[in-house]
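What the coordinates show
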Amino acid sequence: MNSISAGRVHLPTRNALARVTRCSSGRVLIVHRKYHDESFGFRKARDFTVPDYTSDQLTNRATNAPLLRYADSLRTHGHRAASIDPLDLLRRERVAALDPIRYGLDDPDRTFDIDGIIWTGEGQQEWTLENITSFLNSVYVGRIAYEYMDLPSKTERLWFAKLLESQSALEPMTIINADKQKNIHALLAKSEVLDNFLQVKFPNLKRYGLEGGESMLPALDALFEAASKAGITQLILAMPHRGRLNLLTGLLEYNPTSLFHKIKGGCEVDESLGVSGDVLSHLVASPTLQYGEADGIEVSLLPNPSHLEAVSPVALGKARAKQYRLLKTLSDGKNNQDCMLGDKVMCVQLHGDASFTGQGVVMETLGLSSLPHFTSGGSVHIVVNNNIGYTTPASSARSSFYCSDIAKMINCPVLHVNGDCPEDVVRAVDIAFKYRNHFRKDIVIDLIVYRRWGHNELDEPAFTQPLMYEKIRTRSSVPKLYEDKLISDGVISVEAARAVRDSYKASLNAALTDVTSYVPPSITFEGAWKGMVWPASPAARQDETGVSSAVLRDVGKASVHVPEEFEIHPRLNRHVKNRLKSVETGEGVDWASAEAMAFGSLMLEGCDVRIAGQDVGRGTFSHRHAMLVDQKTEGVIVPLNHALTEAKGKLELANSSLSEMAVLGFEYGASWERPDLLPIWEAQFGDFFNGAQIIIDTFIASSETKWLKQSGIVLLLPHGLDGAGPEHSSCRIERMLQLTNDSYVAQEKLNVNMHVVFPTTPAQYFHLLRRQIKRNYRKPLIVAAPKGLLRLAAASSKLSDMGPGTVFQPVLQDLATLTDPKAVQRIVLLSGKIYYDLAKERATRNLQSRVALIRVEELAPFPFAALSEALAPYANANMKSEVLWVQEEPRNQGAWGHVRERIDEVLKGLGMDGGVQYRGRKEDAVSAPGIGKLYGAQQLAVIDSAFKGL
């Protein structure tokens, strides 16, 4: 029996869509919320202000305008003269704007009232020009450089000025005590020991070491500590390959024995699970780190592909989903607007300088950072800047001066810091975190370091950068420089420094010895994934996907419920009327209605649904209308959220930026975090998925095989040749099928990496969506979604098709021909919308008894058993029936390449040895022609080919 009870439909009043406020006179005002405010998941940015200038300060600023211009010039241009490059390779000209004489300030002994001009925190003060110059240079022209004066927010500019200048004046930046210095030294020294150890023990290993960039470790350690002490309990970390092994073993508590086991060719997890594994530089860890008395902070380093920066949107999506999961489990049970994203979860993204400027997904991901349905409460970005990408110098790798300049597109402040100075790196991190935690916005740290070796340790970098590497090879290492400084300052002794290195080297030797007895750990499902199983496990199951007619009717009504006085667009009245009619009669349920019923029924079961993409609220083809906009106020409602008052789940409609790769990566990251979420990415047209091909190849299609990471992501890719031309016709089914590991022969419990379907009825689509959640495991689902079928009366369903006992059918039999299978002369196998064209033509030619049309709805995993069952009546009655595969896509595209051998395998099993024949378009370089007459002629030829000769 289905466990869902009928949802009580609540009729929200007009006031439910407004905020009631009372003005100073006592008069009540109804303030209508703006577009999207009522959409679940929408989060506005906080408004921040700092005390403005007092009247005395404004007067003083006017009186001492030349000094104000000078101070602002140092704030604006100081970074151009700062000592931030360890190799001093940046080509810097003299910065005339930093000379006080330029502003008529030529007397070093002249005193000025600095109140409102320099923020020392001391109120009115008289300083000499010499003191002012010295002070501002110490703040802005040191080993940390700041770019914040271009921020459009005066509040943020004042915040930075007051923090930097008062902090410098009162306590010379962040005080780093001896204990902190010893901790920094230990992190640096251990990193160097690891790199040297690996070089000696495994000289041919490409380890992508951290030599030259060791300050990354104290930077991350300081960030983790600051986050933990601020109450953050979860940190999602994305990073590339360089320095990954140093971070894992030095900070993230990764077992060195496991590392050496992997280097020697072992698997990182239990091999019995069928994992193929990944390379050394993609290993992961998720320790809970303890800093003082603060609660532990769980740091999750995500697996990543070799495609640089591809993991960044995945991390962002996982961070937001994790925060939402925490919000839903608050003790008071509320998911309210007062609980801000970023309170408990933070995303940290590490980048390389070349990839940060070169990879478009960086721009796409930055573009999501403050969008209301995508923000995670601010990310901290650390660019580990080697001033080189593989063998390409910065001058050839970017058109901007700094690699971080791309971040200015979102008005992001940037801190540049010299990686040779670990204490300054820690100070920069402290400032960056304070900004992120205060404003909940992104900030970039440009950590300028160098790469001691080539792209990997087997490269010879002097082939292409001889002068750079001449400098590098004459330098002491960063750990040694810092160690010498601490010894000179009396913080540690020579013996103590040596002991740190010797002790760690001894532990590495012991770990290497333990490899012979090492057994990789088994993987268990914990936390939100508790209760899930591996897809190939005997325990894998699928609960019923059908739903009672009472629930379907309630959900259907709720999906188009319009509150009193809410004025929808006049053209939507027909949309509402048609859905209510189909719900009442149980006939003519279209695709959007079936989708709404799937969403609403899952919401009643406590499942959240999130659909993201361009135009998803309305739908690209103006069919969904899952959100309604008041034509007078632009107030918005999501009827399923407003009317299903008993539903614990919510529907989030995330109309996205015009991005494919980052948005899909974001939704995929959310799917990793929440198995109780139905995450959907809808392409505007199926063709546009190729902008996200990297995410599909390296995450969706392969994560389970590489990393044992399951995902229930759904890709809706509108597909179908209808005269729209080469870029609005095909979701490239052939590519999706090629990415599957589907077997060529029937197997029991085959674990296919992702499911590819081409449904032809709304009921089939309904069951597919619910199946994603009703299983006790998760699989990506690729849907070749409809366009022309969305409103086609013939392509509608009955409520009974979605009722109790009904399920998704991988093959749809031609029931009409089963009454006399002996009369069938031709069996046409097909997928998708062409079924309706062929059914219409068959009726026109009066061939209903002679031609069977059998729809293969699930292409991967290929339905061997279901297809064999569908063909068996014809095989038993007439072994001479001709079997065709008909498709509208060109021969080198579509499903033909995938199904041919598999259909032949089925036919062979039935004794039908003639094999399957192809009918359709010939091979083509494009998916569809752009000439209307040519398209029409081709389409008629395809349809005719199915019946030719009969």
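Scope of this entry: the structure provided in the associated data block. Predicted model only: the values in this text are computed from it and were never measured.

Turning next to the overall build of the chain. Per the secondary structure count, the chain includes 29 helices and 28 strands. In terms of overall dimensions, the chain is globule-like: its C-alpha atoms have a radius of gyration of 32 Å, near the 30 Å expected for 950 residues. Projecting the C-alpha coordinates of the chain onto the three principal axes gives extents of approximately 105 × 80 × 55 Å. Looking at the chain as a whole, 59% of its 950 residues are labelled buried. Taking the contacts inside the chain whose residues are at least 6 apart along the sequence as the reference set, 80% of them involve residues at least 24 apart. For the chain, the exposed area adds up to about 37800 Å²; of that, 50% sits on carbon and sulfur atoms.

Another point: helix α2 (residues 65–77). Its 13 residues give α2 an end-to-end C-alpha distance of 18 Å, which sits within 8% of 18 Å, the value for a rise of 1.5 Å per residue. Every buried residue belonging to α2 is among Leu 67, Leu 68, Tyr 70, Ala 71, Ser 73, Leu 74 and Arg 75, and all of these are buried.

So, about the sheet that holds strand β13 (residues 414–418). Read across the open sheet, the eight strands follow the order β5-β13-β14-β10-β9-β6-β8-β7; overall the sheet is mixed. Edge positions in the sheet fall to β5 (144–147) and β7 (288–289), since each has one partner strand and no second. As paired elements, β5 and β13 share four bridges and run antiparallel to each other. Bridge pairing in β13 places Tyr 146 opposite Leu 415.

Right, let's get into unusual backbone geometry. Keep in mind that most residues, glycine aside, have a negative phi and that most peptide bonds are trans. Going from Ala 860 to Pro 861, the amide bond is cis rather than trans, its omega being -5 degrees. With respect to the element layout, Pro 861 can be found in the loop between β26 (858–860) and α27 (864–877). At Glu 253, a position not held by glycine, the phi torsion is positive, near 60 degrees. In this fold, Glu 253 is placed in the loop between α7 (244–250) and α8 (256–263). At Glu 565, a position not held by glycine, the phi torsion is positive, near 70 degrees. Relative to the assigned elements, Glu 565 resides in the loop between α17 (549–558) and α18 (572–585).

Moving on to the state of the cysteines. Enumeration over the complete set of coordinates arrives at zero disulfides. Between Cys 347, a cysteine without a disulfide, and Cys 412, which holds the nearest cysteine sulfur, the sulfur-to-sulfur distance is 13 Å. Given the relative accessible area of 0%, Cys 347 is considered buried. With no disulfide of its own, Cys 403 has Cys 412 as its nearest cysteine by sulfur position, at a separation of 12 Å. According to the relative accessible area criterion, Cys 403 is buried, its value standing at 0%.

Before going further, it helps to examine the side chain of Ser 312. On the secondary structure map, Ser 312 appears in helix α9 (residues 311–328). Setting aside chain neighbours within four positions, we find Ser 312 in contact with Ala 238, Gln 349, His 351 and Thr 365.

We now examine the packing of helix α15 (residues 478–488) against helix α16 (residues 494–513). One way to put it is that α15 packs onto α16 with a least axis distance of 9 Å and a crossing angle of 150 degrees. Note on packing geometry: the crossing formed by α15 with α16 is right-handed. On α16, the residues that touch Pro 479, Lys 480, Glu 483 and Ile 487 of α15 are Val 494, Ala 497 and Arg 501. Looking at the contact of α15 with α16 residue by residue, the class counts come to four nonpolar, no polar and three charged.

What follows deals with the side chain of Glu 889. Among the structural elements, Glu 889 can be located in strand β27 (residues 882–890). Buried Glu 889, no salt bridge; nearest opposite-charge side chain is Arg 921, N-O distance 7.4 Å. With sequence-adjacent residues up to four places away left out, Glu 889 is seen in contact with His 719, Leu 721, Ile 733, Phe 758, Gly 894, Tyr 918 and Arg 921.

Strands in a sheet are paired, the pairing made by backbone hydrogen bonds, and the direction either parallel or antiparallel. Spatially, seven strands are ordered β18-β15-β19-β20-β22-β21-β26 in an open sheet, and the strand pairing comes out mixed. The open sheet terminates on both sides in strands that have one partner only, identified here as β18 (651–655) and β26. In this sheet, neighbouring strand axes are inclined to one another by 20 degrees on average, regardless of whether the strands run parallel or antiparallel. Direction of pairing for strand β20 (residues 714–718) relative to strand β22 (residues 781–785): parallel, over a ladder of five bridges. Bridge pairing in β22 links Leu 715 to Ile 782. Contacts from helix α19 (residues 591–604) reach β15 (608–613), β18, β19 (677–682) and β20, with the element oriented near 155 degrees to β19.

One finds Phe 160, Met 216, Phe 224 and Phe 260 to be the most contacted residues of the largest nonpolar core, which totals 105 residues. Per-element accounting of this core gives the leading share, nine residues, to helix α13 (residues 422–439). Filtering out sequence-adjacent residues up to four positions away, Phe 260 remains in contact with Phe 197, Leu 198, Phe 202, Leu 508, Ala 511, Leu 512 and Val 515. With 74 residues, the next largest nonpolar core counts Val 361, Ala 683, Phe 689 and Ile 713 among its residues.

Let's shift gears to the pattern of salt bridges. Summed over the entire model, instances satisfying the criterion amount to 49 salt bridges. Across the salt bridge formed by Glu 156 and Lys 441, the nearest N and O atoms sit 2.7 Å from each other. Note that Glu 156 is positioned in helix α4 (residues 154–170) and Lys 441 in the loop between α13 and β14 (443–448), a separation of 285 residues in sequence. Overall, Lys 441 belongs to the partly exposed group, its relative accessible area being 24%. The residue Glu 423 makes a salt bridge to Arg 427 at a minimum N-O spacing of 3.9 Å. With Glu 423 and Arg 427 both in helix α13, this residue pair falls four residues apart, about one helical turn. Given the relative accessible area of 14%, Arg 427 is considered buried. One salt-bridge network, held together by shared partners, links Arg 143, Glu 423, Asp 424, Arg 427, Lys 485 and Asp 489.

This brings us to the environment of Pro 303. Structurally, Pro 303 is set in the loop between β8 (297–301) and α9. As a C-alpha pair, Pro 303 and Ala 315 span 12 residues in sequence and 9.8 Å in three-dimensional space. With residues up to four places along the chain from it excluded, the contact list for Pro 303 reads Arg 244, His 282, Val 284, Val 311, Trp 672, Phe 699 and Trp 707.

Let us now look at the packing of aromatic side chains. On inspection of all chains with the given rule, the structure shows 27 aromatic pairs. With 5.9 Å between their ring centres and 45 degrees between their planes, Tyr 70 and Tyr 103 make a pair best called tilted. Of this pair, Tyr 70 sits in helix α2 while Tyr 103 sits in the loop between α2 and β3 (111–113); the two residues are 33 residues apart in sequence, bridging distant segments of the chain. In this pair, the class of Tyr 70 matches that of Tyr 103, namely buried. Centroid distance Phe 197 to Phe 260: 5.6 Å. Interplanar angle 35 degrees. Geometry classified as tilted. Residue Phe 197 is found in helix α5 (residues 178–201), and its partner Phe 260 is found in helix α8; the two are separated by 63 residues along the sequence. Since its relative accessible area comes to 4%, Phe 197 is described here as buried. Clustering of aromatic rings is evident, with ring pairs tying together Tyr 140, Tyr 146, Tyr 148, Trp 159, Phe 160, Tyr 435 and Phe 439.

Thresholds applied
- In every chain, residue numbers begin from 1 and rise along the written sequence.
- The predicted nature of this model means local features are confined to residues of pLDDT at least 70 and side-chain atom pairs, given and counted, to a pLDDT of 80 or more, with totals for whole chains, interfaces and linings taken over all residues.
- Hydrogens and water molecules were not included; the side-chain quantities draw on all heavy atoms of the structure.
- The numbering of helices and of strands both runs from the N terminus, where a helix is a DSSP run of H or I of at least 4 residues and a strand a run of E of at least 2.
- Between the two quantities, the radius of gyration covers C-alpha atoms and the globule rule is 2.2 Å times the number of residues to the power 0.38.
- Relative accessibility thresholds used throughout: buried, under 20% of the residue-type maximum; exposed, over 50%; partly exposed, between the two (1.4 Å probe, protein chains only).
- Here, residues are in contact when the closest pair of their heavy atoms is within 4.5 Å.
- Surface exposure here means Shrake-Rupley accessible area, sampled with a 1.4 Å probe, where a residue is shielded only by the protein chains that are shown.
- Given a helix with a known number of residues, its expected span is that number minus one, times 1.5 Å.
- Here, any two strands with at least 2 DSSP bridges between them count as paired.
- In what follows, a disulfide is any cysteine sulfur pair within 2.5 Å.
- All axes here are fitted lines through C-alpha atoms, helices being fitted over the stretch that makes contact, and every angle between N-to-C directions spans 0 to 180 degrees.
- It is the rotation of the near helix from the far one that decides the hand of a crossing: anticlockwise by less than a right angle makes it left-handed, clockwise makes it right-handed.
- Following the grouping adopted for this structure description, the nonpolar residues are Ala, Val, Leu, Ile, Met, Phe, Trp, Tyr, Cys and Pro, the charged ones are Asp, Glu, Lys and Arg, and the polar ones are all others, Gly among them.
- None of His or the chain ends enter the tally, which takes Lys and Arg as positive and Asp and Glu as negative.
- The working definition used for a salt bridge is a side-chain nitrogen of Lys or Arg within 4 Å of a carboxyl oxygen of Asp or Glu.
- Among the buried residues, those of types Ala, Val, Leu, Ile, Met, Phe, Trp, Tyr and Cys that are joined through side-chain atoms within 4.5 Å form a nonpolar core.
- Each Phe, Tyr or Trp ring, with Trp reduced to its six-membered ring, pairs with another whose centre is within 6.5 Å; inter-plane angles below 30 degrees give stacked pairs, above 60 give edge-to-face pairs, and intermediate values give tilted ones.

All we've got here are geometric facts, nothing functional implied.
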